[in-house]
Amino acid sequence: APVRNLGPQVLITSASLEKEDDFDRQTETPPTPEESKRPFSVKDNDTEGTTEVSIKRGSQSLGMTIVGGSDTSPLPFGTQDLSDQGVYISKIVPGGLADQCGSLHVGDQIVYVNGQRLEAQSHGTAVACLVGADIVTMVIRRIGPPPGIQTITFSKADDEKLGLSIRGGSGASKSGNPNNERDEGIFISKVNPGGAAHRCGEFQIGQRIIEVNGDTLLGATHHEAVRTLKSVGRNVKFVVCFGYDPPEDVSESLDASLVS
């Protein structure tokens, strides 16, 4: 049965983040009075290939979203292995604490939170660990963002169609990814000539849609994705990444929906 990707629906809201120093701390030297006042601290572990980020919680939102866990798929983040049960950062909100930190990046795996290993833990457990302590210490492993991730911005006239067809979605009878029947992502199945997306020139068949105008499509049903795409106004912002290589026959599938 497909593993639902519900992660990015949850915005981590009860933590603060850290600012990376411009130098590499290799020794356990006592912090200076100025350093002690900082809400962030960072320590690299070259032996393990990880980075430890300690965060003093406050009333502010952490400003990031996560995907993955034992009960949700991290796709398109992570190792791309179907058995991957890791937890990954899927979004960092501009100006938020995670963004201010400078040492957290989209695609990073959160290996530990306050000593608890997150791999094979449920998504809800991961969220609870991130919001449940006054000081949050994360051990991060750099994995990297999904292949081909990019932000596409363009404008659409009031009387102009978006001109995209999509397929897939959580709970769909057929996966939108022909190469992975468990993948419940939203994929572009056709770019229609005459539409704003075609005029933009950045969209391709097979791309996975991660976000539209700030709304995540990770974990979205097909109907939710259609509704989101139909609600875009004049200024449009997509976040997409590589999904699958389109077949030679790119005729639109029966389970695709045209978004006008």
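Provided above is the structure to which this section pertains.
Bear in mind the structure is a predicted one, so any value in this text is a computation, not a measurement. (Residues numbered from 1 in each chain as written. Predicted model: local features only at pLDDT ≥ 70, side-chain atom pairs only at ≥ 80, totals over all residues. Heavy atoms only, no water.)

A. Broad picture of the overall build of the chain. When helices and strands are tallied, the chain shows 5 helices and 15 strands. Expressed as a percentage of its 260 residues, the buried residues of the chain come to 47%. Long-range contacts, defined here as pairs at least 24 residues apart, represent 70% of the contacts in the chain between residues at least 6 apart. Accessible surface computed for the chain: about 12800 Å², of which carbon and sulfur atoms make up 48%. (Helix = DSSP H or I, 4+ residues; strand = E, 2+ residues; numbered from the N terminus. Buried < 20%, exposed > 50% of the residue type's maximum accessible area, 1.4 Å probe, protein only. Contact = heavy atoms within 4.5 Å. Areas by Shrake-Rupley, 256 points an atom, 1.4 Å probe, with all protein chains shown as cover.)

B. Quick look at helix α3 (residues 123–131). Considered for burial, the residues of α3 that qualify are His123, Ala126, Val127, Cys129 and Leu130. Relative to the axis of α3, the buried residues are bounded by an arc of 160° and lie together on one face. (Arc of directions from axis to C-beta.)

C. Focus on the layout of surface pockets. The calculated volume of the second largest pocket comes to roughly 370 Å³. Forming the boundary of the second largest pocket are 20 residues, of which Ser90, Lys91, Ile92, Glu211 and Val239 lie nearest the centre. A class-by-class count of the residues in the lining of the second largest pocket yields 9 nonpolar, 7 polar and 4 charged. (1 Å grid on protein atoms, 1.4 Å probe; cavity = no way out; pocket = protein on both sides within 12 Å on 5 of 7 lines; lining within 4 Å. Points joined across faces, edges and corners; volume = space filled by probe spheres on them. Nonpolar A, V, L, I, M, F, W, Y, C, P; charged D, E, K, R; others polar.)

D. View of helix α5 (residues 222–230). Restricting attention to buried positions, one finds in α5 the residues His222, Ala225, Val226, Thr228 and Leu229. When α5 is viewed along its axis, its buried side chains cluster within an angular range of 165° and face the same direction. Along α5, the residues that are exposed and aim more than 90 degrees away from the buried face are His223, Arg227 and Lys230.

E. Geometry of the pairing of strand β5 (residues 87–92). Buried residues dominate β5, accounting for 5 of its 6 residues. Both strand β4 (residues 64–68) and β5 contribute to a ladder of 5 bridges, which runs antiparallel. The partner of Val67 across the bridge, within β5, is Tyr88. (Pairing = 2+ DSSP bridges.)

F. Focus on the packing of aromatic side chains. Applying the stated rule across the entire model yields 4 aromatic pairs. Between Phe154 and Phe238 the ring centres are 6.1 Å apart and the planes differ by 25°, which places this aromatic pair in the stacked class. One end of the pair, Phe154, is in strand β9 (residues 150–155); the other, Phe238, is in strand β14 (residues 235–241), with 84 residues separating them in the sequence. Assessed through its relative accessible area of 11%, Phe154 is described here as buried. The exposure class assigned to Phe238 is buried, which follows from its relative accessible area of 0%. Relative to Phe238, the ring of Phe203 lies with its centre 5.0 Å away and its plane at 80°, an arrangement referred to as edge-to-face. Of this pair, Phe203 sits in the loop between α4 (196–200) and β12 (208–212) while Phe238 sits in strand β14, and the two are 35 residues apart along the sequence. (Phe/Tyr/Trp six-rings, centres within 6.5 Å; stacked < 30°, edge-to-face > 60°.)

G. Just the nonpolar core, in detail. Of all hydrophobic cores here, the largest spans 22 residues; its most connected members are Phe154, Leu164, Phe203, Ile209 and Phe238. Put simply, the parts of the chain that give this core at least two residues each are β9, β10 (164–168), β11 (186–191), α4, β12, α5 and β14. Not counting residues within four places of it along the chain, the set of residues in contact with Phe154 comprises Leu162, Ala196, Ala197, Cys200, Phe203, Arg234, Asn235, Val236 and Phe238. Counting 21 residues, the second-largest nonpolar core is a separate cluster that includes Ile66, Val113, Ala126 and Leu130. (Core = buried A, V, L, I, M, F, W, Y, C linked by side-chain atoms within 4.5 Å.)

H. Seen up close, the pattern of salt bridges. In total, this model carries 6 salt bridges according to the counting rule given. For Arg142, the salt bridge goes to Asp108, with nearest N and O atoms at 2.4 Å. In this pair, Arg142 is assigned in the loop between β8 (135–141) and β9 and Asp108 in the loop between α2 (97–101) and β6 (109–113), connecting sequence segments 34 residues apart. Residue classification places Asp108 among the buried residues on the basis of a relative accessible area of 2%. (Salt bridge = Lys/Arg side-chain N within 4 Å of Asp/Glu carboxyl O.)

I. Seen up close, the environment of Met138. Residue placement: Met138 occurs in strand β8. Residue Met138 is classed as buried on the basis of its relative accessible area of 0%.

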